[in-house]
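The chain contents come next:
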Amino acid sequence: MNREAVSKAIQRTLALLVLLAFMYVWHEAPPSGVPGAEVALNLGFLLLAAYVGGVVAKRLGLSRVTGYIVVGLLVGPGALGLLREADLATLGPFNSIAIALIALTAGGELNLRELRGSGRYLTAITLLQTLSILLAVFLAVLALGPRLPFLAGVEFQVVVAVAIMFAAVAVASSPSVAIAVITDTRSRGPVSTTILGVTVLKDVLVIVLFAISVSVVLAMLTPGAGVDPAIAADLAWEVGGSILVGAVAGVAVAGYLKWVRKHLVLFTLGLAWILAEVSAALHVELLLVALSAGFTLENLVPVEGTRFVRALESASLPLYAVFFSLAGAAVHLAELAHLWQWAALLIVIRAVAIWAGTAWGSRVGGAPEPVRRHAWPGFISQAGVALGMVTIVASEFQGWGPDLRDMFVAMVAVHELIGPVAAKWTLDRAGETGKAAMEPAPVPARAAIEALEGGDLR
């Protein structure tokens, strides 16, 4: 890194310190009493601070996503406390909109024609990586059971139940981190495609695994209980309903692009909000709904969905910053400090399982050499899906569920910090960063980008 880059990084860091000082003074001042002022200030502060943190991270050779997360961790309740738990709750709706935009982008990147030649090794890596994580984490928790603080003195049957749930949640990776880092670094190539494709496939698979695991553990720990058929029905609706709702949304977007083609940025933000609200009302998975919408737009409807999605990537940047900084703010350092030894051990075991499963799947599926050598660190990150699942575990299993949640929160805290760094590192090693920016933009894509500035798509 040259002297100019260091100088600019220092300037941005000083700007971030000024923002933090301003927010501290604001907290010490009497409440303004203006309706909505607190929410607006918190959002504005988080946007500015995350943006500056992202620029500093970029200057230091890291992904902007890493900067967003670190800033969120710094200002959140677990560190400086400039954003409190109540503040995070009021900013929650922005999380849902960001998830929808990220997943819509990810779905638009999955082109069946391009994936046709890689379907075999994507499937092999997904299945064998999942199997490796399940076995490694299950056996590790089983062996460590009596030594883990919250499992000391419990029955062996409970240890088995915890191992099952822990292994199921450990499978989850983070599609949001994958697509954000790939977008931020403008990466293109087989490693980028593999990281994105496998992460999306695993996200669908982990929902199925988790529902099955909950049903099995409930049957194990409840005398006379069997596997609840209602769980199978809920699972079928959560996966199938999500895909169906997303497909309908994709067709609707295609119609808008064909006949209206105006105010694309506002339309996309509105679409993300509608998808979030509809998903909550219909009890379907927002991430799968938006993935399905983007996939439908790209593959099943004669509209250039990928170009549309790429043209809107820059418009999503503010929400990316809010989403990942909120993820960092949700990290509680107390849990990490209390359980860091065990969390570190299980993180290493999971990483080794990811490496082994990726290598195994690459050989079986005949993956290209760059995928075999470089792809596995791109699967380390974890975020919202894993946290959502352990929250359900904590509510379903009152005895040991909250302790398992705390352990996984500690693991996710580390994964949130190292995941984007690992993903960028592996894309750099594969030589794929910046490849998308080097590709000449076709005429329709240039027109779409111009439309963002002019509010029309013609």
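All of these numbers come straight from a predicted model, not from anything done at the bench.

This brings us to the overall build of the protein chain. Looking only at helices and strands, the protein chain has 21 helices and zero strands in total. Put simply, the protein chain has 458 residues, and 51% of those count as buried. Here the protein chain displays about 20,000 Å² of accessible surface, and carbon together with sulfur accounts for 68% of that area.

Next up on the list: the pattern of salt bridges. Side chains that differ in sign of charge can pair as their charged atoms come close. In the structure shown here, the tally under the stated rule is four salt bridges. Lys58 is the salt-bridge partner of Asp184, the closest N and O atoms lying 3.8 Å from each other. With Asp184 in helix α9 (residues 175–185) and Lys58 in helix α2 (residues 37–59), this residue pair connects regions lying 126 residues apart in the sequence. When the shortest N-O distance is used, the salt bridge between Asp428 and Lys424 registers 2.8 Å.

What follows is about the packing of helix α5 (residues 92–109) against helix α15 (residues 317–329). Contact pair α5 / α15: the axes reach a minimum separation of 9 Å and the direction vectors enclose 115 degrees. Pair α5 / α15 crosses with left-handed handedness. Contacts between α5 and α15 involve Phe94, Asn95, Ile97, Ala98, Ile99, Leu101, Ile102 and Thr105 from the first element and Leu319, Tyr320, Val322, Phe323, Phe324 and Leu326 from the second. Looking at the contact of α5 with α15, its residues break down into 12 nonpolar, two polar and no charged.

Take Val390: it is sitting in helix α18 (residues 384–396). By relative accessible area, Val390 is classed as buried at 1%. Remark: the alpha-carbon pair of Val390 and Phe210, spanning 180 residues in sequence, is separated by 10.0 Å. Apart from residues no more than four positions distant in its own chain, Val390 is found in contact with Val169, Leu404, Arg405 and Phe408.

Let us look at a nonpolar patch on the surface. Where nonpolar side chains cluster on the molecular surface, the patch consists of Leu131, Leu135, Leu139, Trp360 and Val364 and spans about 450 Å² of accessible area. Looking at which element gives the most residues to the nonpolar patch, the answer is helix α7 (residues 119–144), with three residues. Here Trp360 is to be found in helix α16 (residues 333–365).

This next bit is on the packing of aromatic side chains. Evaluation of the coordinates by the stated rule reveals two aromatic pairs. Each ring, one from Tyr256 and one from Phe267, has its centre 3.7 Å from the other, and the planes form 5 degrees; the classification is stacked. Pair noted here: Tyr256 is in helix α11 (residues 229–259) and Phe267 is in helix α12 (residues 264–282), with a separation of 11 residues, a long-range link. Accessibility classification places Tyr256 together with Phe267 in one group, the buried group.

To continue, consider unusual backbone geometry. Phi angles above zero are rare outside glycine, and Arg186 is one such case at about 55 degrees. Following the sequence through the fold, Arg186 ends up in the loop between α9 and α10 (190–221). Overall, the relative accessible area of 32% leaves Arg186 in the partly exposed class. Non-glycine residue His283 carries a positive phi angle of around 60 degrees. Tracing the backbone shows His283 in the loop between α12 and α13 (286–299).

The next thing to look at is the side chain of Thr126. Following the sequence through the fold, Thr126 ends up in helix α7. Residue contacts for Thr126: discarding those within four places in its chain leaves Val198, Leu201, Lys202 and Leu205.

This part is about α5. In this model, α5 (18 residues) spans 26 Å end to end at C-alpha, consistent with the 26 Å of a helix rising 1.5 Å per residue. Along α5, the residues that are buried comprise Ile97, Ala98, Ala100, Leu101, Ile102, Ala103, Leu104, Thr105, Ala106, Gly107, Gly108 and Glu109.

Interaxial distance between helix α3 (residues 64–75) and helix α19 (residues 401–429) falls to 9 Å at its minimum, and their mutual angle equals 165 degrees. Compared by their axis directions, α3 and α19 come out roughly antiparallel. Both α3 and α19 take part in a crossing whose hand is left-handed. Within the contact between the two elements, α3 uses Val65, Thr66, Ile69, Val70 and Leu73 and α19 uses Glu416, Leu417, Pro420 and Val421. The class makeup of the residues in the contact of α3 with α19 is seven nonpolar, one polar and one charged.

Calculation rules
Residues numbered from 1 in each chain as written. Predicted model: local features only at pLDDT ≥ 70, side-chain atom pairs only at ≥ 80, totals over all residues. Heavy atoms only, no water. Helix = DSSP H or I, 4+ residues; strand = E, 2+ residues; numbered from the N terminus. Buried < 20%, exposed > 50% of the residue type's maximum accessible area, 1.4 Å probe, protein only. Areas by Shrake-Rupley, 256 points an atom, 1.4 Å probe, with all protein chains shown as cover. Salt bridge = Lys/Arg side-chain N within 4 Å of Asp/Glu carboxyl O. Axes fitted to C-alpha atoms, helices over the stretch in contact; angles between N-to-C directions. Left-handed = near helix turned anticlockwise from the far one by under 90°. Contact = heavy atoms within 4.5 Å. Nonpolar A, V, L, I, M, F, W, Y, C, P; charged D, E, K, R; others polar. Patch = residues over 30% accessible without salt bridge, like charges linked within 9 Å, V, L, I, M, F, W, Y side chains within 5 Å. Phe/Tyr/Trp six-rings, centres within 6.5 Å; stacked < 30°, edge-to-face > 60°. Expected span 1.5 Å × (residues − 1). Parallel < 35°, antiparallel > 145°, perpendicular 65-115°, else oblique.

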